[in-house]
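Reading the structure
Read off the chains here:
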Amino acid sequence: MRRSITFQGFSLTLLLLVQLTSASSQKAWSQNAVPALAASAPEPQAATPAKPAGSMLMIGGGDLLKVSVLGAPDSDQEVRVTEDGNVFLNFIGAVHVGGLTTTAAQDLIAKKLAAGGFFTQPQVSVFTKEYATQGVSVLGEVQKPGVYPILGPRRLFDVLSLAGGTGPRAGRIVSITRREHPESPQSVMLSNDANESAKVNVEVFPGDTVLVSRAGVVYISGSVHKPSGVIMDNSSEMTVLQAIAMAEGALPDAALNKSKLIRRTPNGPPQEIPLHLKDMLASKSPDIRLQAEDIVFVPNSAAKSAGKRTLDAIISTTTGLIIYGVRP
């Protein structure tokens, strides 16, 4: 019996030693292995906090603010910003918040309350209840230019949609004049590419002005299949032969080498440039790059006066041409 007890004690002692040895081995392995794993694994990137949608909207004269202090509801105020950018608050009096974001205004008011001994580490909230200018002006080549009310930040495409979208002669350049920085307008280039469109779909704030540019037009008139005006995008170029192709080519009786390019000049009468279309088509003469408002006139060889039409007569015929948009 004593032998059995002794054997059981020995077994328990042996089992305890095995467990201690195993635990010590695992601890040593973990101390050596974990640093190696940590060294090979890439360090996690710290998440960048999302920027509030209206964080860049500055407070301006005439805005109505609600100022609150957490835990002190009796101190809540609704104050109108004066034209010189000041608000008058309980305890601390006048505070200049014009040109600040609401976040910056919160920090400034909290510092003044703490410095005056009215609160200890106050948590201040500033919320813009009304903007002095509640709308955004959408002008230029849009379907319905005007002022459209928005109560907070909106995306550029949303604002253009409010105006019915861009017009048939709209260019690709959109200029955005900010309420707080009218001297530094921001220009974006519209694109048909989905990725590029996402980049230029910037925020528009109340009081901003959105101006859609007007694209230039090249006119093709005379003995062509489809006399018309062709829109030139702001970023595109067009040559004489491309313009003729847009007009579906010249008619069989066209006097190709008697064609003309009429170009408006900043000062003085329009400039007349001879075009040798037949030589251009045969690659014997260089193709000419066109400018906005150029007129390509192809005369009819059968008419005696085809090559003698006055510039005024040619220019007047372009007023009734149908304008076609070109979008690559």
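Residues numbered from 1 in each chain as written. Predicted model: local features only at pLDDT ≥ 70, side-chain atom pairs only at ≥ 80, totals over all residues. Heavy atoms only, no water.

1. Some details on helix α2 (residues 102-115)
Here α2 spans 20 Å end to end across 14 residues, near enough to the 20 Å set by a 1.5 Å rise per residue. Listing the buried residues of α2 in full gives Thr102, Ala105, Ile109, Ala110 and Leu113. Seen end-on, α2 carries its buried residues on one side only, within an arc spanning 130°. Residues of α2 that are exposed and point over 90 degrees away from its buried face: Lys111 and Ala115. Looking at the buried side of α2, the elements it contacts are β1 (64-69), β3 (86-89), β4 (93-96) and β5 (124-130). Remark: Gly117 follows α2 within two positions and exhibits a positive phi of approximately 80°. (Helix = DSSP H or I, 4+ residues; strand = E, 2+ residues; numbered from the N terminus. Expected span 1.5 Å × (residues − 1). Buried < 20%, exposed > 50% of the residue type's maximum accessible area, 1.4 Å probe, protein only. Arc of directions from axis to C-beta. Contact = heavy atoms within 4.5 Å.)

2. Structural notes on the environment of Lys129
Relative to the elements of secondary structure, Lys129 occurs in strand β5. Through-space distance from the C-alpha of Lys129 to that of Gly152 is 9.8 Å; in sequence the pair is 23 residues apart. Look past the residues within four positions of Lys129 in its chain and what remains in contact with it is Leu64, Lys66 and Glu78. A polar atom in the side chain of Lys129 sits 2.8 Å from the side chain of Glu78. (Polar contact = N/O pair within 3.5 Å; in protein donor to acceptor, adjacent residues only side chain to side chain.)

3. What about the sheet that holds β1?
Sheet strands pair via backbone hydrogen bonds, and the direction of the pair is either parallel or antiparallel. In spatial order, the strands read β2-β1-β5; together these three strands make up an open sheet with antiparallel pairing. Taken across any chain shown, the strands that pair with only one partner, and hence form the sheet edges, are β2 (77-80) and β5. Taking each pair of neighbouring strands and ignoring which way they run, the sheet shows an average axis angle of 25°. Pairing between β1 and β2: four bridges, direction antiparallel. Opposite Val67, over in β2, you have Gln77 as the bridge partner. With respect to the sheet, α2 is in contact with β1 and β5, its orientation differing from that of β5 by roughly 135°. (Pairing = 2+ DSSP bridges. Axes fitted to C-alpha atoms, helices over the stretch in contact; angles between N-to-C directions.)

4. Remarks on the side chain of Thr239
Mapped onto the elements, Thr239 comes out in the loop between β14 (228-232) and α5 (240-246). Non-local contacts of Thr239, meaning those with residues more than four positions away in its chain, are made with Asp287, Ile288, Arg289 and Leu290.

5. With respect to empty space enclosed by the protein
Applying the stated criterion across every chain yields a total of one cavity of 30 Å³ or more. Space inside the largest cavity adds up to approximately 80 Å³. Every residue lining the largest cavity is listed: Val67, Val69, Ser75, Gln77, Leu89, Asn90, Phe91, Ile109, Leu113 and Phe119. Contributions of two or more residues to the lining of the largest cavity are made by β1 and α2. Grouping the amino acids of the lining of the largest cavity by side-chain chemistry returns seven nonpolar, three polar and no charged. (1 Å grid on protein atoms, 1.4 Å probe; cavity = no way out; pocket = protein on both sides within 12 Å on 5 of 7 lines; lining within 4 Å. Points joined across faces, edges and corners; volume = space filled by probe spheres on them. Nonpolar A, V, L, I, M, F, W, Y, C, P; charged D, E, K, R; others polar.)

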